[in-house]
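Given next are the chains, with one letter for each unit.
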Amino acid sequence: MKEKDKEVVRYNNDLNNKTYLKNFNALELNFFMAICSKLKAQGTSEVEFTFNELKKKIQYDTSHNTDNFINKLRSTNRKILNSICEIETKDYIDQFVLFPTFRISKKAGTLTVKINQDYAYLLNDFSNFTEFGLANFIKLSSKYVKLLYKELMQFKSTGKLYLTIEDFRKKLDIPNSYSFSKIKDRILVPSIQDFSFIFKKFKIVVVYNNEDEIEINENTEEKRGDKRKVTNINFYFVLGTKE
């Protein structure tokens, strides 16, 4: 196993269930997960990255200059600040900032990050957790496939993830303008190829409002004038690459 493959992202499942990452692109998601991987099990301590360390973690194109890199970091934190971080119980709704400290030192070439102390359990309490290799996450090219991957890995023990179409859209931050046909062509079908180096088996089944079920693959054709509505998307997967 290569050294970079040992880098593991691990977090409490509430980071999937209570935090919705809004308007991130693929690179910004790489930054976010690299930060989470280093902050795990660090309590509420500030954690410092050098720019070179962070670039290596996310396999960043070093041909870009430092100003470009800093702008990407700044953009990432703006997206984190605009994401939905919310915990609701029967008694209260608590909205919070995940990283109250996000300090970019242009002079020292460092990034310093600290998790919100009231919600430090998200990266420290692993009683119920999601875990995956950072290298696998980085290799996935699409922001949608990356977001789907982290959702799938919460259920890697069962190899099954069932989502309503509404939850699927919310968790993957899919624009309302995307028809299901566009979701199929731009997210579902590409995910089958993208996941080929991670999953030995991967199957997507959509459920319609008349209870019809259809497996999605590269050859799935849509019926002209089909009035059925997709209500659920079910995923079945087995970890391990194909022989």
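Report follows, based on the coordinates. Please read these numbers as outputs of a predicted model, since none were measured by experiment.

Regarding its fold elements, the chain presents eight helices and twelve strands. Radius of gyration (C-alpha) of the chain: 19 Å, near the 18 Å computed for a compact globule of 243 residues. The principal-axis extent of the C-alpha atoms belonging to the chain is close to 60 × 50 × 35 Å. Evaluated residue by residue, the chain yields a buried proportion of 47% over its 243 residues. A separation of at least 24 residues holds for 69% of the contacts in the chain among residues at least 6 apart in sequence.

Glancing now at the pairing of strand 9 (residues 160-164). Within a regular strand, the side chains alternate between the two sheet faces. Across the two faces of strand 9 the burial differs, with Leu161 and Leu163 buried and Lys160, Tyr162 and Thr164 not buried at all. Across five bridges, strand 9 lies against strand 12 (residues 230-239) in antiparallel orientation. By the bridge assignment for strand 12, leucine 161 is matched with phenylalanine 235.

Quick look at the pairing of strand 7 (residues 110-114) now. In terms of burial, strand 7 is largely enclosed, as four of its five residues are buried. Bridge analysis of strand 3 (residues 47-50) against strand 7 gives four bridges, and the strand direction is antiparallel. In the sheet register, phenylalanine 49 faces strand 7, and the bridge partner there is leucine 111. Inspection of the sheet shows strand 6 (residues 101-105) paired to strand 7 by five bridges, in the antiparallel sense. The partner of isoleucine 104 across the bridge, within strand 7, is leucine 111.

Taken as a whole and assessed by the stated rule, the structure comprises 22 aromatic pairs. Ring geometry for tyrosine 149 versus phenylalanine 195: centroids 6.1 Å apart, planes at 40°, classification tilted. You can see tyrosine 149 sitting in helix 6 (residues 143-153) and its partner phenylalanine 195 sitting in the loop between helix 8 (180-194) and strand 10 (199-208), a full 46 residues away along the chain. Grouping residues by exposure puts tyrosine 149 and phenylalanine 195 together as buried. When the centroid spacing of 6.2 Å and the interplanar angle of 20° are considered together, the rings of phenylalanine 202 and phenylalanine 235 count as stacked. Of this pair, phenylalanine 202 sits in strand 10 while phenylalanine 235 sits in strand 12; the two residues are 33 residues apart in sequence, bridging distant segments of the chain.

With that out of the way, let us pick up the packing of helix 2 (residues 26-39) against helix 4 (residues 66-82). Where helix 2 contacts helix 4, the axes come no closer than 9 Å and their chain directions differ by 80°. Between helix 2 and helix 4, the interaxial angle falls into the category roughly perpendicular. In this structure, helix 2 contributes Leu27, Glu28, Phe31 and Phe32 to the contact, and helix 4 contributes Phe69, Lys72, Leu73, Ser75, Thr76, Lys79 and Ile80. Residues belonging to the contact of helix 2 with helix 4 are distributed by class as follows: six nonpolar, two polar and three charged.

How each quantity is defined
- Residue positions are given per chain, counted from 1 along the sequence in the order it is written.
- For a predicted model such as this one, the threshold for reporting local features is a pLDDT of at least 70, and the threshold for listing and counting side-chain atom pairs is 80 or more; totals across whole chains, interfaces and linings nevertheless cover every residue.
- Excluding hydrogens and water, the side-chain values take into account all heavy atoms of the structure.
- Put simply, DSSP marks the helices as runs of H or I at least four residues long and the strands as runs of E at least two long, and each gets a number from the N terminus on.
- Atoms considered for the radius of gyration are the C-alpha atoms alone. The globule rule reads 2.2 Å times the number of residues to the power 0.38.
- In this scheme, a residue with accessible area under 20% of its type's maximum is buried, one over 50% is exposed, and one in between is partly exposed, where area comes from a 1.4 Å probe on protein chains only.
- In this analysis, two residues are considered to be in contact whenever any of their non-hydrogen atoms come within 4.5 Å of each other.
- In this analysis, strands are considered paired if DSSP registers two or more bridges between them.
- Only centres within 6.5 Å qualify two rings of Phe, Tyr or Trp (six-membered ring in Trp) as a pair; their planes then separate them into stacked at under 30 degrees, edge-to-face at over 60, and tilted for everything else.
- Helix axes are fitted only over the stretch in contact, all axes being lines through C-alpha atoms; the angle between N-to-C directions runs from 0 to 180 degrees.
- In these notes the angle categories are as follows: under 35 degrees is roughly parallel, over 145 is roughly antiparallel, 65 to 115 is roughly perpendicular, and the rest is oblique.
- All residues other than Ala, Val, Leu, Ile, Met, Phe, Trp, Tyr, Cys, Pro, Asp, Glu, Lys and Arg, Gly among them, are scored as polar; the first ten of these are nonpolar and the last four charged.

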